[in-house]
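Survey of secondary and tertiary structure
Chain by chain, the residues:
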Amino acid sequence: MKNTKLKIAIAGAVLVAAAATGTALAANGSSSGSASGSVSSSGSERPRFEQSKQKAPSPIKAAGPNVFPHSLDFDARSKTFFAGSLKQGKVFAVGTDGKVRTHIDDPELVSAQAVRVDRERGRILVSNVDYGTAERSRDTPFGIAGVGSYDLTTGKQDWCVDLTAIALDGKKHLISDVTVAPDGTVYAVDELTPTVFRVDTKGRASVFLRSDLLQGKLDIPNFLDDVGMSAVEWVKGNQLIIALADGSLVRVPVQDPEKAQKVKLSAPLAPPAAGMRLLKDGSLTAVSSGLLSGKPAQIQHVEPGDGWEEATVTVTDTVKDPVTSDVTAGPGGTTYALSGGLADLLAGKSNDGFTLTPVRTG
């Protein structure tokens, strides 16, 4: 355990040093990005006088000391972001004014990574992980893997399932993301094994798919090797689109998961690929962290073709903070990218909050 924590601390220190020197790995820095409204929903250019009246959204500086979120989601009805805490194992409600309050505080959560609002069922889905750096960390890093369901209004636990008991493989696990199908079934992806889990509305879990297509191939020096699935979305056609950290996408038919195949991309997502958001037109926006390059994080638009057999990838925006890990909807049709301070967490440092940056998606 000591050696593992030492490696994590070293990795964090490397990230911080790299940001200062502008080389390979990058630490958390200032975020910037802009949302533009020069094109109307019909695709025509707006008159200049109309453009001048459109106020671009501003970054949200969230005052959440030592929250260190990796993922978040937005509830349009309450106009609230919900962000997980890798350090404290809680889920926080974040207002558009940047005010932060505890919403879920479940002792079973070690680190709250993926957060998904399921408004239709009045719940929040949260993935339970353990990097070995949390206040509630156990003796063995990456020995915790689970998904919990919590009441959207009260934060009370509905259920919390241990997926290591389902995998029964003795391996390290990291549930990086979850998505919800229209019938309420939850699908959870594991970043450290090629396993997709399925959890029904009652919290009963099973292995949905194990496939070599989902095997991780990206190494993060001095931290993790063979990093695999980083994000998942349920899309039209009853399919899962899974992003791997190396920038590839895999399409999984829910009714016949063994027919999973790689999506033919015009260009891979920049590695390491991180979070994704499903847009109203059925396309995706994705963020790729600059963790390995020290360059600004990239926001990319993924336009599907032929039922997700293929897709076109274009860069639509950047965020100056390289360590940007997720994208989510925001008020008024906006999209925000999350910079949560991962490098500081790995280096054992404290912080005073995190940043949500408005970004262009097309």
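Structure shown above.
Here's what I pulled together on the structure shown here. Keep in mind it's a predicted model, so treat the numbers as computed, not measured. (Residues numbered from 1 in each chain as written. Predicted model: local features only at pLDDT ≥ 70, side-chain atom pairs only at ≥ 80, totals over all residues. Heavy atoms only, no water.)

Considerations on the nonpolar core
Note that soluble globular proteins tend to have their nonpolar side chains buried in a common cluster. Within the largest apolar cluster, 33 residues are counted, with the highest numbers of intra-cluster contacts made by Val147, Leu163, Ile175 and Val178. Elements with a contribution of two residues or more to this core: strand 7 (123–129), strand 9 (157–162), strand 10 (175–180), strand 11 (186–190), strand 12 (195–199), strand 14 (218–220), strand 15 (224–227) and helix 4 (342–346). Within the second largest apolar cluster, 17 residues are counted, among which are Leu214, Trp234, Val250 and Val254. (Core = buried A, V, L, I, M, F, W, Y, C linked by side-chain atoms within 4.5 Å. Buried < 20%, exposed > 50% of the residue type's maximum accessible area, 1.4 Å probe, protein only. Helix = DSSP H or I, 4+ residues; strand = E, 2+ residues; numbered from the N terminus.)

What about the pairing of strand 11?
Among the five residues of strand 11, five are classified as buried, and the element is accordingly described as predominantly covered. Burial along strand 11 is two-sided: Val186, Ala188 and Asp190 facing one way and Tyr187 and Val189 facing the other are all buried. A loop of five residues connects strand 10 with strand 11, the two strands running antiparallel in sequence, and Gly184 in this loop sits at a positive phi of about 95 degrees. In this structure, strand 11 lies alongside strand 12, joined through four bridges in antiparallel fashion. Bridge pairing in strand 12 places Val186 opposite Val199. Here strand 11 folds back onto strand 12 in antiparallel fashion, the turn holding four residues. (Pairing = 2+ DSSP bridges.)

Notes on the pattern of salt bridges
All chains considered together, the criterion is met by eleven salt bridges. A salt bridge links Glu309 to Arg251, with the shortest nitrogen-to-oxygen separation between them at 3.2 Å. Linking Glu309 in the loop between strand 23 (297–305) and strand 24 (310–319) with Arg251 in strand 18 (residues 249–253), this pair joins segments that are 58 residues apart in sequence. Among the ionic contacts, a cluster of salt bridges with common partners joins Asp118, Glu120, Arg121 and Arg123. (Salt bridge = Lys/Arg side-chain N within 4 Å of Asp/Glu carboxyl O.)

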